[in-house]
Amino acid sequence: MAEFRFTTSGDMTITLEGLQFGEHMRDPRSNVKSFIAHPSQIVINAADQKEFTGLGVIQLRDLNPGQRGYMTVTIDSPTMGWYGTAQVAVIVNGQNIINDNFQSGVKGPLGDPRNTKRYAVDFIG
């Protein structure tokens, strides 16, 4: 079994290709302004950027066994002079295959603070 774990202090969007979210094992409840889950996308926004949301844990399913799936994670900050942080992990059969913690840029009058990472996800099984 594969599971996806996530928490954020900003505005985070997770999009899947060749994969799909399954059973919700734990929805983030603390410090959540909004949390929307679709079969191939999650959008979560922290209420207070000084704290992380509660940990979310959701099953991850492989739509095309034998082919590589992809997960794209975007973190953004809605607050001027601040940044958002994303923490994500994919665990397959008790083994951590992806574990990452990264930040957006600082929101200001110039530039785009969004930061996007794309992960190849194999052997969900």
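None of the values given here were measured: they were computed from a predicted structure. (Residues numbered from 1 in each chain as written. Predicted model: local features only at pLDDT ≥ 70, side-chain atom pairs only at ≥ 80, totals over all residues. Heavy atoms only, no water.)

When its secondary structure is counted, the protein shows zero helices and ten strands. In the protein, the order of α-helices and β-strands from amino to carboxyl end is β-β-β-β-β-β-β-β-β-β. Relative to its length of 125 residues, the protein is compact, with a C-alpha radius of gyration of 14 Å against a globular reference of 14 Å. C-alpha extents for the protein along the principal axes are approximately 45 × 30 × 25 Å. Burial statistics for the protein: of 125 residues in total, 42% are counted as buried. For the protein, the proportion of contacts with a sequence separation of at least 24, taken over those separated by at least 6, is 70%. Side-chain charges in the protein split into 11 positive and 12 negative, and the spacing between the mean points of these groups amounts to 2 Å. (Helix = DSSP H or I, 4+ residues; strand = E, 2+ residues; numbered from the N terminus. Rg over C-alpha atoms; globule rule 2.2 N^0.38 Å. Buried < 20%, exposed > 50% of the residue type's maximum accessible area, 1.4 Å probe, protein only. Contact = heavy atoms within 4.5 Å. Lys, Arg positive; Asp, Glu negative; His and termini not counted. Charge placed at Lys NZ, Arg CZ, Asp CG, Glu CD.)

Ranked by size, the top nonpolar core spans 23 residues in total, and within it Phe4, Met12, Met71 and Val73 carry the most contacts. Examining the composition of this core, we find that four residues originate from one element, strand E8 (residues 85-92), more than from any other. The residues touching Met12, leaving out its near neighbours within four places in the chain, are Phe6, Thr7, Ile42, Val43, Ile44, Val73, Thr74, Ile75, Ala86 and Val88. (Core = buried A, V, L, I, M, F, W, Y, C linked by side-chain atoms within 4.5 Å.)

Let us look at the packing of aromatic side chains. Centre distance and the angle of the planes are the two values used to describe a pair of aromatic rings. Applying the stated rule across the entire model yields four aromatic pairs. Summarising the aromatic geometry, the rings of Phe4 and Phe6 are spaced 5.4 Å apart at their centres and angled 20 degrees between planes, so their arrangement reads as stacked. Given the relative accessible area of 1%, Phe6 is considered buried. An angle of 40 degrees between the planes, with centres 6.0 Å apart, marks the rings of Phe4 and Phe21 as tilted. You can see Phe4 sitting in strand E1 (residues 2-8) and its partner Phe21 sitting in strand E3 (residues 19-26), a full 17 residues away along the chain. (Phe/Tyr/Trp six-rings, centres within 6.5 Å; stacked < 30°, edge-to-face > 60°.)

You can see Arg114 is positioned in the loop between strand E9 (95-103) and strand E10 (115-121). For Arg114 and Ile44, which are 70 residues apart along the polypeptide, the C-alpha to C-alpha distance reads 14 Å. Setting aside anything within four residues of it in sequence, one finds Arg114 in contact with Thr74, Ile75 and Asp76. A distance of 2.8 Å separates the side chain of Arg114 from the side chain of Asp112, its partner in a polar contact. (Polar contact = N/O pair within 3.5 Å; in protein donor to acceptor, adjacent residues only side chain to side chain.)

Within the secondary structure layout, Thr74 lies in strand E7 (residues 69-76). Of the polar contacts made by the side chain of Thr74, one reaches the side chain of Thr116; its length is 3.0 Å. Other than its neighbours up to four places away in sequence, Thr74 contacts Asp11, Met12, Thr13, Arg114, Asn115 and Thr116.

Bringing the sheet that holds E10 into the picture now. Strand order across the open sheet formed by five strands is E4-E5-E2-E7-E10, with antiparallel pairing between neighbours. The outermost strands of the open sheet, each flanked by one partner alone, are strand E4 (32-38) and E10. The average angle at which neighbouring strand axes cross in this sheet is 10 degrees, direction not considered. As paired strands, E4 and strand E5 (residues 41-46) are joined by six bridges and run antiparallel to one another. Opposite His38, over in E5, you have Gln41 as the bridge partner. (Pairing = 2+ DSSP bridges. Axes fitted to C-alpha atoms, helices over the stretch in contact; angles between N-to-C directions.)

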